[in-house]
Amino acid sequence: MSSQKLNDADADVRSASESALETARRQLSEAATQVDVDSGVIERLKHPTRVVEVTVPLKRDDGEVDVFTGYRAQHDDVRGPYKGGLRYHPDVTAEECVGLSMWMTWKCAVMDLPFGGGKGGVVVDPKTLSDDEKERLTRRFAEEIRDTIGPKRDIPAPDMGTDAQTMAWFMDAYSMQEGETTPGVVTGKPPVVGGSEGRDEAPGRSVAIIAREAADYYDYDLEETTVAVQGFGSVGANAARLLDDWGATVVAVSDVNGAAYDPSGLDTHSVPSHEEQPEAVMQYGAPNTLTNEELLELDVDVLIPAAVGNAITADNANDVEADVVVEGANGPTTAAADSILDERDVHVIPDILANAGGVTVSYFEWLQDINRRQWSLERVNDELESMMLDAWETVRREVEAGDTSWRQAAYIVALDRIGEAKETRGLWP
Ligand code: GLU
């Protein structure tokens, strides 16, 4: 995609729901004012290295052929190979992939992982695909972007609409064509084919760890902390259940149909997660139900938006009653909403820190694949805990030193690391 097209997207800031790229660029521009990084480096970081667009034909089960569009956006690789998920969703666009790939660059840098940022996907509603169709689509998509990716170049992973099985098909397709089994080409695979123990749970676990640390930082006793979670998929359900296990009171969880609500606390393990039974939260039989909008406005200590992007916007940010927002989804808060929450002293712990457990355990998986040696679940969780606490401490120091928001602080940490790497490597040629 040309930079002209990206600039067009950048100019389109009037639309009611801001695109991921617009949000990502605004956040970068704001953070750039607070770091000592060359303006040329900042300018470069507003653009991806490349965006590959491919056509993915699929033979449906009835023999008809449908044609889909796929993308892989590679934002920056100064610190290591591009890294980030592949999503199957009807709203996937090139611009969205670029915005999300930028967040991956910052996320990997905040965690101090030796990766840059990438993101891709196929414009398809996965609910309309049979398992066989999903497999064929995945294999053909893998083939179409095979020259773009690789274990030392760009390593995809699961994201919205894709899962461990999708990654297993993807790895198999790549390996068959390359003539050698190459587990390190994607992460988030099932452990039996080179995946890591604990990878599925990792984004939710990191959200729970960061929510726990944030509660502690703002002097809440976890036993007395109330939590609401929007989205009960992999991130939301794992975060809610861990916080519940650690003593917090999870009063509300939701899926697309609405929220189960119990002011005295839900038994989160009994509410079916999306993986266990899709869209069944409302069937749980909670004493009260709410809409997703009402969940976001609950007077709780910690709100975790873990569903889609742009959940908290200028329209509802004034109604958020939580004291702390821990972002489980990627980009759940628009830039306008972020400013409103900041003015209202609602502390927003950003996605690039809070949900970074996914890519961190992806890094562990990649190490295990390269070394052909599997880690125990205990080791994965211990190392994840220690890396999350290190990142939390680094960002916390920045918050206190610069009197900034948590998002600004996380961006400053990321930009400092990326800027230093760019200046040290220099511009080629
Ligand atoms: N899709 C996940 C994210 O947004 C994980 C990416 C990865 O593991 O590479 O962070």
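Residues numbered from 1 in each chain as written. Predicted model: local features only at pLDDT ≥ 70, side-chain atom pairs only at ≥ 80, totals over all residues. Heavy atoms only, no water.

Caption draft 1: Structural context of the overall build of the protein chain. When helices and strands are counted, the protein chain shows 14 helices and 12 strands. Taking 2.2 N^0.38 as the reference for a compact globule, 429 residues should give roughly 22 Å; the C-alpha atoms of the protein chain span a radius of gyration of 20 Å, in line with that estimate. A principal-axis box enclosing the C-alpha atoms of the protein chain has dimensions of 55 × 55 × 45 Å. Taking all 429 residues of the protein chain together, the buried fraction comes to 59%. Looking at the protein chain alone, contacts between residues at least 24 apart form 69% of all its contacts between residues at least 6 apart. (Helix = DSSP H or I, 4+ residues; strand = E, 2+ residues; numbered from the N terminus. Rg over C-alpha atoms; globule rule 2.2 N^0.38 Å. Buried < 20%, exposed > 50% of the residue type's maximum accessible area, 1.4 Å probe, protein only. Contact = heavy atoms within 4.5 Å.)

Caption draft 2: Local environment of a negative patch on the surface. Together, E293, E294, D299, D315, D319, E321 and D323 make up a region of like negative charge exposed at the surface. By the element assignment, E294 lies in helix α9 (residues 292-296). (Patch = residues over 30% accessible without salt bridge, like charges linked within 9 Å, V, L, I, M, F, W, Y side chains within 5 Å. Areas by Shrake-Rupley, 256 points an atom, 1.4 Å probe, with all protein chains shown as cover. Salt bridge = Lys/Arg side-chain N within 4 Å of Asp/Glu carboxyl O. Lys, Arg positive; Asp, Glu negative; His and termini not counted. Charge placed at Lys NZ, Arg CZ, Asp CG, Glu CD.)

Caption draft 3: Helix α2 (residues 20-32), seen in detail. In a regular helix each residue adds 1.5 Å, so 13 residues correspond to 18 Å; α2 covers 18 Å between its end C-alpha atoms and thus fits that length. Restricting attention to buried positions, one finds in α2 the residues A20, L21, E22, T23, A24, R25, Q27, L28, A31 and A32. (Expected span 1.5 Å × (residues − 1).)

Caption draft 4: Seen up close, the site of the ligand. Close contacts around the ligand come from 14 residues, with K83, K107, P158, D159 and S362 the closest. The contact in question runs from an oxygen atom of the ligand to an N or O atom on the side chain of K83, over 2.7 Å. One nitrogen or oxygen atom from the main chain of P158 is found 2.9 Å from a nitrogen atom belonging to the ligand. Calculation on the ligand without its partners gives an accessible area of 290 Å², and the protein chains cover 94% of this total. (Near = heavy atom within 4 Å. Polar contact = N/O pair within 3.5 Å; in protein donor to acceptor, adjacent residues only side chain to side chain.)

Caption draft 5: The packing of α2 against helix α14 (residues 406-425), seen in detail. Contact pair α2 / α14: the axes reach a minimum separation of 9 Å and the direction vectors enclose 80°. Taken as axis vectors, α2 and α14 run roughly perpendicular relative to one another. In contact with Q27, L28, E30, A31 and A32 of α2, α14 contributes R407, Q408, Y411 and L415. Split by residue class, the contact of α2 with α14 holds five nonpolar, two polar and two charged. (Axes fitted to C-alpha atoms, helices over the stretch in contact; angles between N-to-C directions. Parallel < 35°, antiparallel > 145°, perpendicular 65-115°, else oblique. Nonpolar A, V, L, I, M, F, W, Y, C, P; charged D, E, K, R; others polar.)

Caption draft 6: The arrangement of the pattern of salt bridges in detail. Inspection of every chain in the model, using the stated rule, returns 29 salt bridges. Taking the shortest distance from any N to any O, the salt bridge between D338 and R407 comes out at 2.7 Å. Of the two residues, D338 sits in helix α10 (residues 335-343) while R407 sits in helix α14, which places them 69 residues apart along the sequence. Exposure remark for D338: the relative accessible area of 16% places this residue in the buried category. Judged by relative accessible area, R407 falls into the buried class, the value being 5%. E393 serves as the salt-bridge partner of R396, at 2.6 Å between the closest nitrogen and oxygen. Taken as a pair, R396 and E393 lie in helix α13 (residues 377-402) at a separation of three residues, close to a single helical turn.

Caption draft 7: Structural view of the pairing of strand β6 (residues 226-230). Of all five residues in β6, four are buried; the element is thus mostly enclosed. Across four bridges, the pairing between β6 and strand β7 (residues 249-255) is parallel. When the sheet's bridge partners are listed, T226 is paired in β7 with T249. Remark: the β6/helix α8 (residues 234-245)/β7 crossover connection has right-handed handedness. (Pairing = 2+ DSSP bridges. Right-handed = clockwise from strand over helix to strand, strands pointing away.)

Caption draft 8: Up close: the sheet that holds strand β5 (residues 154-158). Across the sheet, which stays open at both edges, the five strands sit in the order β1-β2-β4-β3-β5 with mixed pairing between neighbours. Of all strands in the sheet, those with a lone pairing partner are β1 (50-59) and β5, marking the two edges. The mean inter-strand angle of the sheet, taken between neighbouring strand axes irrespective of direction, is 25°. The pairing of β1 with strand β2 (residues 65-76) spans 10 bridges and is classified as antiparallel. Within β2, the residue paired with R50 across the bridge is Q74.

Caption draft 9: Representation of the packing of helix α7 (residues 202-217) against α8 in the model. For the pair α7 and α8, the least separation of the axes is 7 Å and the interaxial angle reads 45°. Here α8 runs oblique to α7, going by the angle between their axes. Regarding α7 and α8, the two cross each other, and that crossing is right-handed. Touching P203, G204, R205, V207, A208, A211 and R212 of α7 are S234, V235, N238, A239, L242 and L243, all from α8. Tallied by class, the residues present in the contact of α7 with α8 amount to eight nonpolar, three polar and two charged. (Left-handed = near helix turned anticlockwise from the far one by under 90°.)

The values are spatial; any link to function lies outside them.
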